[in-house]
Amino acid sequence: MNPILSSPEIVVRSNYSFGDKPILAILTIDDDTQMFRGNRQNFADLLATGEKLGFMTYVVTIKHLKLSRSTVLGYTYDINEDVWSRAYFPRPNVVYNRIPLREDERLPRVRKKLMALSRHPNIQLFNRRFFNKWSLFQWLNDAKTTKAYIPETRRLTEIAVLSSLLRRHSHLYLKPVRGKAGVGIMSVRVQPEKNLPYTLQIQEEKGSRTFRCATLARLWNRVLKQSSVIGEPYIAQQGISLASMNERPFDLRALIQKNEFGQWELTGIGARVAGDTSITTHVPRGGYIEEPEKLLISVFGQDKARKVLSKVKNTVVTLARQIERSSKHKMGEMSMDLGVDVSGQVWFFEANSKPMKFDEPHIRKKSLEQIFYYSQYLHAAALKQSAGTSV
Ligand SMILES: Nc1ncnc2c1ncn2[C@@H]1O[C@H](COP(=O)(O)OP(=O)(O)O)[C@@H](O)[C@H]1O
Ligand SMILES: [Mg+2]
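Notes on the structure in this doc start here. Quick caveat, the model's predicted, so the values are computed rather than measured.

Further remarks concern the pattern of salt bridges. Enumeration over the complete set of coordinates arrives at 18 salt bridges. When the shortest N-O distance is used, the salt bridge between R209 and E204 registers 3.3 Å. The salt bridge involving K258 is made with E324; its shortest N-O contact spans 2.7 Å. Here K258 is found in strand β18 (residues 248-258), whereas its partner E324 is found in helix α7 (residues 292-327), with 66 residues between them in sequence. On the basis of relative accessible area, K258 is assigned to the buried category, the value being 6%. Salt bridges sharing common partners tie together D31, R37 and D104.

Turning to the packing of aromatic side chains, a few remarks are in order. This structure, assessed with the given rule, holds 11 aromatic pairs. Aromatic pair F36 and W84: ring centres 5.1 Å apart, planes at 75 degrees, arrangement edge-to-face. Here the residue F36 occupies a position in strand β5 (residues 35-36), and W84 occupies one in strand β8 (residues 83-90), the gap between them amounting to 48 residues. Here the two residues F36 and W84 agree in accessibility, since each one is buried. Ring plane angle 15 degrees and centroid distance 5.0 Å describe the contact between Y96 and F126, whose orientation is recorded as stacked. Of this pair, Y96 sits in strand β9 (residues 94-97) while F126 sits in strand β10 (residues 124-126); the two residues are 30 residues apart in sequence, bridging distant segments of the chain. The exposure classification of Y96 matches that of F126, with both residues buried. An aromatic cluster of at least three residues, connected via ring pairs, comprises F36, F43, Y75, Y77 and W84. One residue, R272, lies across the ring of F358, its end atom 5.9 Å from the ring centre.

This part is about the coordination of the magnesium ion (ligand 2). Those protein atoms acting as donors to the magnesium ion (ligand 2) are D337 (OD) and E350 (OE), and they sit at 2.0 Å. Placement of the pair is D337 in strand β21 (residues 333-340) and E350 in strand β22 (residues 346-352), with a sequence separation of 13 residues. For D337, a relative accessible area of 12% puts it in the buried group. The exposure class of E350 is buried, given its relative accessible area of 13%.

Let's shift gears to the packing of helix α5 (residues 159-168) against helix α6 (residues 216-230). Direction vectors running N to C along α5 and α6 enclose 120 degrees, while the axes themselves pass 10 Å from each other. What the angle tells us is that α5 and α6 run oblique. In the packing of α5 onto α6, the handedness of the crossing is right-handed. Residues I159, L162, S163 and L166 of α5 form the contact with α6, whose own contacting residues are L216, A217, L219 and W220. Considered class by class, the residues forming the contact of α5 with α6 number 7 nonpolar, 1 polar and no charged.

Calculation rules
- Residues numbered from 1 in each chain as written.
- Chains lettered and ligands numbered in written order.
- Predicted model: local features only at pLDDT ≥ 70, side-chain atom pairs only at ≥ 80, totals over all residues.
- Heavy atoms only, no water.
- Salt bridge = Lys/Arg side-chain N within 4 Å of Asp/Glu carboxyl O.
- Helix = DSSP H or I, 4+ residues; strand = E, 2+ residues; numbered from the N terminus.
- Buried < 20%, exposed > 50% of the residue type's maximum accessible area, 1.4 Å probe, protein only.
- Phe/Tyr/Trp six-rings, centres within 6.5 Å; stacked < 30°, edge-to-face > 60°.
- Lys NZ or Arg CZ within 6 Å of the ring centre and 35° of its normal.
- Donors = N, O, S within 2.8 Å, 3.2 Å for Na, K, Ca; no water.
- Axes fitted to C-alpha atoms, helices over the stretch in contact; angles between N-to-C directions.
- Parallel < 35°, antiparallel > 145°, perpendicular 65-115°, else oblique.
- Left-handed = near helix turned anticlockwise from the far one by under 90°.
- Contact = heavy atoms within 4.5 Å.
- Nonpolar A, V, L, I, M, F, W, Y, C, P; charged D, E, K, R; others polar.

Structure below.
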C-alpha cells in the first residue's frame, strides 16, 4: 500500500550543511490524486540512503521544479510516521530522472522541462529518456565492439521481413519497440516437416497461447491482428536457444551503474527462470529468481560457467558504454536483459533506462548507494569544469 499522504504546513529546509555533496532531486511527474507518480517504496529507499550517506535528497515533480527559483517544492518521507510531506528545498545540483511512464515522458510540458534541465548550466541531469528496442539494436549493431552480441533484428513492416528472417532462423521473437514486461511479445517457430509448419506463440498474462498455421500468409494475418492490439511498431528478432534448467529457459538481468569515478561498473546480476508455459522469464508471468552461478554451473559445469559469467561481466560494461555514447545523453544506470545460449554465447535482448528494483538484497543496497556516488562525481566534475572555463 502507498503510505498515507499528508500536506502539513510547509517547512523550509535550506540551512543544512552538506559539505561538498550535491543536492540530489529525484524527478517524477505530478499526479492529481496521489501528488506524484512512481514507485514510492523505491523513492523512500533512495531518500533513506541519501540521509545515511549525508546527502540532501528529495522527490520533485515536473510541475514543481521551477528552474528560475532558488527553492523548489519537494517531497520527503518520514519512515516512522509512514507519511510523505511537502517542504521547500534549495534547487538541486543533480537531477535523477525517474518519470515512470513513457506516455508521461512524451508530454510536451515534460519534454520542455527535460530539455531545459539538460541545458541548465548549474544542474546535471542523468537518464533523460527511455530507450526503444529498435534504436538500441541500431546503436549496438553499428559498433564493432558490440555487434557480436546482438541477435539479427529487423523492423517488422511487411511479410517479406518474416519470410527472409525465417529462411535464416527457424525461431523468431516479435516484440513491440516500446514494450516492457513481456506485453505483446510473440514467438514464431517453423518446422517444415509438419503438416502445420508455423507455430505462433503469444505471451498472455500468465503462460502463452499457441496457434498453428499452414502458410506464411495465415501466420502473417495472425501477427498483424495481434500486433494491432498493441498499436506499436514491432521488431522481429532471431530467436536464441536459451540455456535451460529442468527444461525451463533462463536469462540474466544485469544492473550497470556509474561509480564515484564516473565509470560504468556492474552492480549485480540476477537470473530469471521462465514460467512453465511462458515465452518470457518475467516474474509476474510465472518466472522466478535464481542465482546465475547455480544455473550456469548446472548447464555448463564449474569451469565453463566461470568463463561464461566473466564474459557476461565484461560484455555488459562494453554494451553500456556504447549505448550511452549513441544515446548522446548522460546516463548513470541501466539494466540489461541478456541471454546465454546452449553453447555459452552471450546475447543482448534489451536495456532499460528506468531499471526496476532488484530483489536480490546485496544488489539492491549497492544500487541505491551508487546513485549518490555517481551524483557526487557529476557535481564535482561540473564544478571543476566551470572553474576551468571561468579562469
Ligand atoms: N531474441 C530472443 N531470443 C530468445 N528469447 C528472447 C528473445 N527476445 C526476448 N526473449 C525473451 O523474452 C524476454 C523479454 O524480452 P525483452 O526484449 O526483454 O522484452 P520486454 O521489454 O517485454 O522485457 C527476455 O528476457 C527473454 O527471456
Ligand atoms: Mg525485458
